[in-house]
Structure formats: C-alpha cells, structure tokens
Amino acid sequence: MASVAVIGAGPYGLSIAAYLHDYGVNTRVFGVPLDTWRDHMPEGMLLKSDGFASNVYAPKAVGTLADYCHERGIPYHDTDIPVPLKVFSDYADDFQRRFVPGLEEVLVTRLERSGKGFRLELADGREVQADRVVCAVGITHFSVTPKELAHLPKSRVSHAYDHHGLSRFAGKHVTVLGAGASAVDVAVLLSEAGATVSVVARAPEVKFGGKPGARLLWDRLRHPSSGVGPGLRNWLCEAMPSLFRFLPGNARLNLIRTHLGPKSPFHMKARFDAGVTTELGQTITGAAEVDGKVELSLRGSDGRTQTLTTDHVLAATGYYPDLARLEFLSDDLRRSVRSHARMPVLSRWFESSVPGLYFVGPAAVNTFGPLMRFMVGAEYVAPRVTYRLAQQSGAQVSVRQARPRRRRWLVR
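The structure displayed is predicted, hence computed values, not measured ones. (Residues numbered from 1 in each chain as written. Predicted model: local features only at pLDDT ≥ 70, side-chain atom pairs only at ≥ 80, totals over all residues. Heavy atoms only, no water.)

Engineer: Where do I start with the overall build of the protein chain in this structure?
Structural biologist: The helix and strand inventory of the protein chain stands at 12 helices and 16 strands. Relative to its length of 412 residues, the protein chain is compact, with a C-alpha radius of gyration of 22 Å against a globular reference of 22 Å. Considering only C-alpha atoms, the protein chain reaches an extent of 65 × 55 × 45 Å along its principal axes. If you take every contact in the protein chain between residues at least 6 apart in sequence, the share linking residues at least 24 apart comes to 66%. Seen as two clouds, the 51 positive and the 39 negative side-chain charges of the protein chain have centres 8 Å apart. (Helix = DSSP H or I, 4+ residues; strand = E, 2+ residues; numbered from the N terminus. Rg over C-alpha atoms; globule rule 2.2 N^0.38 Å. Contact = heavy atoms within 4.5 Å. Lys, Arg positive; Asp, Glu negative; His and termini not counted. Charge placed at Lys NZ, Arg CZ, Asp CG, Glu CD.)

Structure below.
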C-alpha cells in the first residue's frame, strides 16, 4: 500500500514525486513521462515560456534546465534564447531518470474510494491501494473543439493536442482555428512542413509579445518579470496565487477567461507573417463535408458572410478542466468533489472536498488562478502540496519547506 499515488508524469507530477521521494514518503507514480510534450505538441516547436520558467522542480534547487544545458554545451539564456521542445523533453526525461526513477509507465483506468483511502485500477490489470492521491493530469483530458465541428469526421477535423508530426499535411490546405500561441505555433510549423495554411479567429488581430532584451529600471518596476510574462498582474499571479481563491466565483471565472489572453512570443512573428494567411474577426456559424473537403461558413464582425473551403480543420482552441472529462474517476468520486463551473474547488493545500484527493495543474485554475496553466506553477505547487502530504504520512517536515524554493526579484 502506498502512502501517496501520483497520477500523471508531466512537470507537476514529476516535481511532486521528486519532493516526496526526498522526504522519504512511500510514493508510487503512474503515467507516460512527458506524454503531452513528446507526443501532443508540434515537432520543432519553441516553448512560449522563458528558460528560467521552463523547469521541473526538485528540492535544494537542483535539476534545473540551466544546469542541464550548461553541462551539455546547449545554448541557454534565462530570457533571450527560446527553448526548443526537443531540448526541454530531453531535459525532463533526464530529470525523471535522476529524481523519479521508480515511475511506472502505465495509465490509471479507474480511481475509487476504498475504506479510508483509494483503489487504483491500472491498464495492465493490476490494482493499487493508496492513502492519498494527487491528480496531476495536465491538459490530457481537457481539449475543447467548437461544437459547430462536432459532426465532422475525424479525418477532416482535429485538435492541436492530436498532433506531433505534421508532415502528413504537406500539399494540403489546412485551416487553423484560434489566435493564441498554440495556433501560431502549429500554423507556422504546418506551413514550414509544406501545407497551405489559413488562420481563422474571432480575435481582430494575432498578438505577439515584445522583443526580449535589456530593460531600463523604470520599465522593470512598472512591468516586473514573472514566469508567466511581464507586468504587475502577472507577477502577482505568480507570487501570490493563494489569494486568488478568495475572489468571488464570477470574478475568478472572468480572470481565468480574460487574463493572459492569446499572445505569442516575438520570435514567431516573422515566421508567421512569411507563411500564414489570416481571416480575423470571423465566427464559425456552420461546417459541412463536401466532396472530401470542409466548407466553413464564417460571419465577420461587420456582419458579412463567406465560405472557406479547406482540406482539414485543426482547432487550436484551448482546454477546459471539466471534472466530467476525467473518465477514470468513479461516479461516486466525481459527484463528491465540490466544484464550481465544473472545476474542482480546492483547499489552500490543493485538497478537494474528498479528503486525501488532490488536484494540481490546470485542474486547480479555478482556485489558484492562471498560474496553474503554466509549468512554472509547479514551483509553487510542489513544495506546498508535498509538505501537506508528508505531514499526513508522518514524515518530519518544517513549514519552511512548504515555500517555493526560490524567489525572483520584482525588478528582474
């Protein structure tokens, strides 16, 4: 019987497991390591997050991306050099081998209550008992595709999550829906793989961040750096996420929806402009398969309508952490977890209304805010959650260990 079972092996799951192992807590970790990063992000992508915010976290400030790159002679800079997806994936694999060597590469197919703890059924037929469970499933279950496309065959419509290699679209016309970083990344890489690409979005423009570089002190004071981008509101999201849960429910939902809206890093702009056409300010009103292609009916912000014909529609339309999408949860657990807007409501320790059941990462966004969408959020989550779990497991830990391992200066 395990004291803690961690479901998920992305940055959040691996960080929590690394801390628990360091505390000597009997922990079992289940999942395919870095599955989202290795198989569900477009090959050749550059991370949106800066180098300093692209870590998996372990106690004692070890195992950083900077250390990994310096040891191997890989170009690295905290802010000025974009991190290639391949470099991050290789780094995270190395982190897992060093700090979470006991990872079990098997999926959890069912989680239910069992006495005072939980029972996990695994895809290989085994069953595991655990006193406490941490759901660190990332975005795996939460992709959102517009309802207007729901009736189309999968050969004609897909979500950005469905793809890693894009070479099969060479010579095809692909319409990408969305104006955020995911849409820009996949549109650029599709174009560079030989596809003809159009981006369709309700937004009036595709936004890009500013060029990185040295900043004056006054600008750093007015727009402090953070792991989720510059600006005082972003810095507050990272520095004090525990305050977010005290906001009224509607205010939380509004901030989740509007803060840190669609924007791509500066280094993608020239590549985007060179190979992608846009249809902006457009709403999809209908879609139909006609002669092996998709005809999209669009209505512009000015009321004009048009039809766009394409070989494939790729929705880069984001994710929503709906509890109902976690199909491995038993019906009893799903009903018992208190929720708001279909997202779990959590304590300051990330514990749900079911004692011993924790949610981290995107599933925690309704309680701890936009930071939970970013891997840098694991810097806050891992020490906090594991302090509580270690306490409950009888390990000797200090409250000081519940704090993030480092603090960034406001004027960085």
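We are not done yet, so read on.
Engineer: Is there a simple way to explain a nonpolar patch on the surface in this structure?
Structural biologist: A contiguous nonpolar surface patch, about 480 Å² in accessible area, is contributed by Leu232, Leu236, Met240, Leu243 and Phe246. Structurally, phenylalanine 246 can be placed in the loop between helix H7 (232-239) and helix H8 (249-258). When its relative accessible area of 59% is taken as the criterion, phenylalanine 246 is described as exposed. (Patch = residues over 30% accessible without salt bridge, like charges linked within 9 Å, V, L, I, M, F, W, Y side chains within 5 Å. Areas by Shrake-Rupley, 256 points an atom, 1.4 Å probe, with all protein chains shown as cover. Salt bridge = Lys/Arg side-chain N within 4 Å of Asp/Glu carboxyl O. Buried < 20%, exposed > 50% of the residue type's maximum accessible area, 1.4 Å probe, protein only.)

Engineer: Could you clarify how one ought to interpret helix H12 (residues 378-392) in this entry?
Structural biologist: It helps to recall that an α-helix has 3.6 residues per turn; residues three or four apart then point in one direction. Between its first and last C-alpha atoms H12 spans 20 Å; for 15 residues at 1.5 Å apiece the expected length is 21 Å, and the two agree. Along H12, 12 of the 15 residues are buried, which leaves the element largely enclosed by surrounding structure. Within H12 the residues assigned to the buried category are Ala378, Glu379, Tyr380, Val381, Ala382, Pro383, Arg384, Val385, Thr386, Tyr387, Leu389 and Ala390. As for H12, its buried residues are in contact with strand E1 (2-7), helix H1 (11-23), strand E5 (127-135), H7, strand E16 (357-359) and helix H11 (365-368). (Expected span 1.5 Å × (residues − 1).)

Engineer: How should the pattern of salt bridges be read in this particular structure?
Structural biologist: A pair can form between side chains of opposite charge whenever their charged atoms are brought close. Taken as a whole and assessed by the stated rule, the structure comprises 22 salt bridges. In this structure, aspartate 332 engages arginine 113 in a salt bridge whose closest nitrogen and oxygen atoms are separated by 3.0 Å. Here aspartate 332, found in helix H10 (residues 331-336), pairs with arginine 113, found in strand E3 (residues 108-114); they are 219 residues apart in sequence, far enough to count as distant. Exposure remark for aspartate 332: the relative accessible area of 32% places this residue in the partly exposed category. Looking at arginine 113, the relative accessible area reads 35%, which means it is partly exposed. Lysine 293 is the salt-bridge partner of aspartate 311, the closest N and O atoms lying 2.5 Å from each other.

Engineer: Looking at this structure, how should I read the sheet that holds strand E6 (residues 157-159)?
Structural biologist: Adjacent strands of a sheet pair through backbone hydrogen bonds, lying either parallel or antiparallel. Ordered in space as E6-E13-E7-E8-E9, the 5 strands form an open sheet in which the pairing is parallel. Of all strands in the sheet, those bounded by a partner on one side alone are E6 and strand E9 (276-280). If you compare each strand with its neighbour and ignore which way they point, the axes differ by 25° on average. Both strand E7 (residues 173-177) and strand E13 (residues 312-315) contribute to a ladder of 4 bridges, which runs parallel. (Pairing = 2+ DSSP bridges. Axes fitted to C-alpha atoms, helices over the stretch in contact; angles between N-to-C directions.)

Engineer: So what exactly am I meant to see when it comes to the packing of H1 against H12 here?
Structural biologist: What describes two packed helices is the angle between their axes and the distance between those same axes. Interhelical geometry of H1 versus H12 gives an angle of 40° and a closest axis separation of 9 Å. By the angle between their directions, the pair H1 and H12 is classed as oblique. For the pair H1 and H12, the sense of crossing is right-handed. From H1, Pro11, Tyr12, Ser15, Ile16, Tyr19, Leu20 and Tyr23 reach across to H12, where they touch Ala378, Val381, Ala382, Pro383, Thr386, Tyr387, Leu389 and Ala390. Tallied by class, residues from the contact of H1 with H12 come to 13 nonpolar, 2 polar and no charged. (Parallel < 35°, antiparallel > 145°, perpendicular 65-115°, else oblique. Left-handed = near helix turned anticlockwise from the far one by under 90°. Nonpolar A, V, L, I, M, F, W, Y, C, P; charged D, E, K, R; others polar.)

Engineer: Where do I start with the nonpolar core in this structure?
Structural biologist: Soluble globular proteins: nonpolar side chains tend toward being buried together. Among the nonpolar cores identified, the biggest contains 114 residues, and Leu111 and Phe350 are the most heavily contacted of them. Discounting residues that sit within four places of it in the chain, phenylalanine 350 has contacts with Leu357, Tyr358, Phe359, Val360, Ala364, Phe368, Met372, Tyr380, Val381, Arg384 and Val385. Counting 13 residues, the second-largest nonpolar core is a separate cluster that includes Leu149, Ile284, Val294 and Leu308. (Core = buried A, V, L, I, M, F, W, Y, C linked by side-chain atoms within 4.5 Å.)

Engineer: Just checking my understanding: could you explain the packing of aromatic side chains for this structure?
Structural biologist: A ring pair, where both rings are aromatic, is described by two values, the distance of the centres and the angle of the planes. Per the counting criterion, the structure on display carries 11 aromatic pairs. Seen from their ring centres, tyrosine 19 and tyrosine 23 are 6.3 Å apart, and the 70° between their planes marks the pair as edge-to-face. Of this pair, tyrosine 19 and tyrosine 23 both sit in helix H1, 4 residues apart, which is roughly one turn of that helix. When its relative accessible area of 4% is taken as the criterion, tyrosine 19 is described as buried. Its relative accessible area of 15% is what places tyrosine 23 among the buried residues. For the ring pair phenylalanine 350 and phenylalanine 368, a centre distance of 3.9 Å and an interplane angle of 10° mean the geometry is stacked. In this pair, phenylalanine 350 is assigned in the loop between strand E15 (343-344) and E16 and phenylalanine 368 in helix H11, connecting sequence segments 18 residues apart. In this pair, the class of phenylalanine 350 matches that of phenylalanine 368, namely buried. Taken together, the aromatic side chains of Trp37, Tyr68, Phe88 and Tyr91 make up a single cluster linked through ring pairs. (Phe/Tyr/Trp six-rings, centres within 6.5 Å; stacked < 30°, edge-to-face > 60°.)

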